[in-house]
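# Results of the structural survey
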Amino acid sequence: MKIEGKGFWKMKNMIIGTAGHIDHGKTSLVKALTGRNTDRWEEEQRRGITIDLGFTYFDLKSGDRVGIIDVPGHEKFIDNMVAGVVGMDLVILVIAADEGIMPQTREHMDILGELGVTNSIVVLNKCDLVDEEWLELVEEEVKEELKGTFLENAPILKVSAHTGEGIEELKEKIEEYSQKEEVQKETGSVPRLPIDRVFTISGFGTVITGTLLSGRIRKEDVLMIYPEGKECRIRSIQVHGRDVEECFAGQRVAINLPNIKKNEIKRGSMIAPKDNMKNTMMLDVKLNVLPASKHILYNNSRLHLYIGTKQVLCRAVLLDKEEVWPAESSYVQFRLEEEIAVSRGDRFLVRFYSPVDTIGGGVILDANPTKKKRFQQEVIEDLKRKESGSAGDIIEMQIKSQKDTMVSLTELARRTSMSPAEISKEVESLKEDGAVLSFSTEKDSYLMHHTKHEVCTQKIVTALKEYHSCHPYRFGINKAQIHTTYMKDVARNVFDLYVELLEEEGLIGRRNEYIRTAAFEVSKDETYRTVEGKAEEIFKKARFEFVKLSEVSFGSIGAGELEDIIATLMEEGVLVKVADDTFTLTSLMDEAKGYVLEKLAEENLITIAELRDLLGTNRKNAKQVMEYMDSIKVTKKVGGESERVGF
């Protein structure tokens, strides 16, 4: 049943998970609810693409479909529960009435709590094996044990999967929950599908299964498999054994990937849009050690990390403590032993490397962090903000974390696993608040935090002032020099946009490729006027018998000042450079250009000898003029060394 609006899917495809001690009847309860045994591998292959390994479903009276993830066995629980919880809406904690709460029951409760499960039903199973008095005692014990946990207010139902007692009441409670629950699945966001199983079917090829965490996936979509970096095409989709055109967040799905071989991907991989996620070897997290943990967590401990459907080894770098005791929390950086692709806000579980005991779990604060040192107050404060911050806060911190560069909207999408549309919405709000600046190109948008803008502006303006003090006769610093000095990691076209902003804000001025402070003007004082007048007098008199600058006396004017003034006269179009240390008036070169164009108009060919005669100079000077004409694309070489034609 679809109820769509504003990019969300109102939850009518429930996913339920089972939990509980070994032999307390989880699998038999699932069979009593659905009429199916979850262990049907051979039948699954005969039927085609379905999702029945540890998973089945049943329909409520309302028509809503309920999927159940069954996780039999203690060791399988850790892997499969973490994998299943990522898309779970409701958990059924199964407790055998003849045994009550057992150690594994408590462990499962702790794990579910750390993985963020909030909705639950407690089922006292095997009620046919005990009398009424015993059942009452067990129920009181269970209520006492559940105090202070996420299960404290969960309904407790008495059931016998063997006789069917209480099964209809359980279904009614599930339906009641389905009808009143207003949880919405984010179908308008980026699709993310953690793979929990990979297999092949003859005639189909590779098939993967998992619970779609967010967004929607359509047939023929082209997505990416992370961390492998393989592009995949969606050929067909099944939800609960039915072929569908698209699937939505909250649904268990099977997807056929025709262009992927089974050995190219594995459990723990993630399917998401291309360029939306970023592989990482580190994670910043908030880690909670379970009260029931038997161990103290020390810095650099080697751990098993379970996140989504992925399991990986890592080292835990404690950022704010020397050690973490049971019931304590810590900010931790996990240094991973292989690449993974996850998102901020994902829940995780950790167990010791040896012995393999559960320590605790928590939430990812930064899925693509930089390497951090321990006991740095700035680092701790930043993690606290990430822990409590909104999506906008996180995006702002990601933008602010850039040093001398900017971050693109595409890169932000990879780091946060949010869609460009979601990020753009938050960025617009940040721009309105004056927190960030945005620079848009044809391919992407680049973002800069206002604090970085202020620092960068101050550096550039200070450098310009110092430059003007040393070089009062120059227009300013070449733009390329400022780029490579202060913003070398910013793309050139983006830097050009940044320069335009500085100019619009009245912080700088520009003349062609030179940047100056807004108020600066070249000092055309007596020294400047002396050089300008002398140069014009000498070069005008010499005409095409060129004079080297070093042969002209400018009195007591220093070499540095002379060089700067000559450079400015060139920039203003008064002088042109003919060769090393050789300059002349631009007006003279314009005169020479006229001679050349007249000659080319007659027969489109001119030689150096002919130009020499036209200018009344020697061959050396004529050659220099001709090479200048080549440089400004009036002429080009053809035939012999001395011949030119019109460009």
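One structure accompanies this document, and this report is about it. (Residues numbered from 1 in each chain as written. Predicted model: local features only at pLDDT ≥ 70, side-chain atom pairs only at ≥ 80, totals over all residues. Heavy atoms only, no water.)

### Comments concerning the sheet that holds strand β29 (residues 407–408)
- Read from one edge to the other, the open sheet built from 3 strands follows the order β29-β31-β30, with strand pairing classed as antiparallel. Every interior strand has two partners, whereas the edge strands, β29 and β30 (436–440), have only one.
- Pairing of β30 with strand β31 (residues 445–449) involves 5 bridges; the strand directions are antiparallel. Looking at β31, one finds that V436 is bridged to H449. (Pairing = 2+ DSSP bridges. Helix = DSSP H or I, 4+ residues; strand = E, 2+ residues; numbered from the N terminus.)

### What to know about the nonpolar core
- V531, I566, L569, L575, M589, V625 and M629 are the most contacted members of the largest nonpolar core, which has 41 residues in total.
- Other than its neighbours up to four places away in sequence, I566 contacts V531, L549, L575 and F583.
- The next biggest cluster of nonpolar side chains, apart from the first, holds 24 residues, and it includes C314, F334, V342 and V350. (Core = buried A, V, L, I, M, F, W, Y, C linked by side-chain atoms within 4.5 Å. Buried < 20%, exposed > 50% of the residue type's maximum accessible area, 1.4 Å probe, protein only. Contact = heavy atoms within 4.5 Å.)

### Remarks on unusual backbone geometry
- The peptide bond linking Y226 to P227 adopts the cis configuration, its omega dihedral lying at 0°.
- Look at the link from S354 to P355: it is a cis peptide, with omega at -5°.
- Turning to its location among the elements, P355 is positioned in the loop between β27 (347–352) and β28 (358–366).
- A positive phi is found at D581, a non-glycine position, where the angle reads about 65°.
- Residue class for D581 comes out partly exposed when judged on its relative accessible area of 29%.
- Positive phi, normally seen in glycine, also occurs at K633, with a value near 60°.
- If you trace the backbone, K633 turns up in the loop between α18 (619–631) and β38 (635–637).

### A short note on helix α1 (residues 26–34)
- What α1 keeps buried is the set K26, L29, V30, L33 and T34. For α1, the angular spread of the buried residues around the axis is 115°, confining them to a single face.
- Where α1 terminates, the next one or two residues include G35, which has phi positive at roughly 80°. (Arc of directions from axis to C-beta.)

### Some words on the sheet that holds strand β24 (residues 310–318)
- The 6 strands are arranged β21-β26-β24-β23-β27-β28 in a closed barrel whose pairing can be described as antiparallel. For this sheet, the mean angle separating the axes of adjacent strands, direction not counted, is 40°.
- Each of β21 (280–289), β27 and β28 touches helix α4 (residues 103–114); the most contacted strand, β28, lies at about 5° to it. (Axes fitted to C-alpha atoms, helices over the stretch in contact; angles between N-to-C directions.)

### What to know about the packing of aromatic side chains
- A full pass over the atoms with the stated rule returns 4 aromatic pairs.
- A centroid spacing of 5.8 Å and a plane angle of 70° characterise the contact between F439 and Y498, whose relative ring orientation is edge-to-face. Placement of F439 in strand β30 and of Y498 in helix α13 (residues 492–504) is noted, with a sequence separation of 59 residues between them.
- F439 gets classed as buried once you look at its relative accessible area, which sits at 5%. (Phe/Tyr/Trp six-rings, centres within 6.5 Å; stacked < 30°, edge-to-face > 60°.)

### Focus: the pattern of salt bridges
- This structure, assessed with the given rule, holds 37 salt bridges.
- Between R612 and D613 there is a salt bridge; the shortest N-O distance is 3.2 Å.
- Owing to a relative accessible area of 29%, R612 belongs among the partly exposed residues under this scheme.
- Between R644 and D630 there is a salt bridge; the shortest N-O distance is 2.9 Å. Placement of the pair is R644 in strand β39 (residues 643–646) and D630 in helix α18, with a sequence separation of 14 residues.
- By relative accessible area, R644 is classed as buried at 1%.
- Looking at D630, the relative accessible area reads 19%, which means it is buried. (Salt bridge = Lys/Arg side-chain N within 4 Å of Asp/Glu carboxyl O.)

### A short note on the pairing of strand β34 (residues 514–517)
- As judged from the 2 bridges shared by strand β32 (residues 477–478) and β34, these two strands associate in the antiparallel manner. Bridging across to β34, I477 finds its partner in I515.
- With 4 bridges joining them, strand β33 (residues 508–511) and β34 adopt antiparallel strand pairing. Following the sheet pairing, R511 is matched in β34 by Y514.
- Hairpin connection, β33 to β34: the antiparallel pair is bridged by 2 residues, and N512 has positive phi, about 55°.

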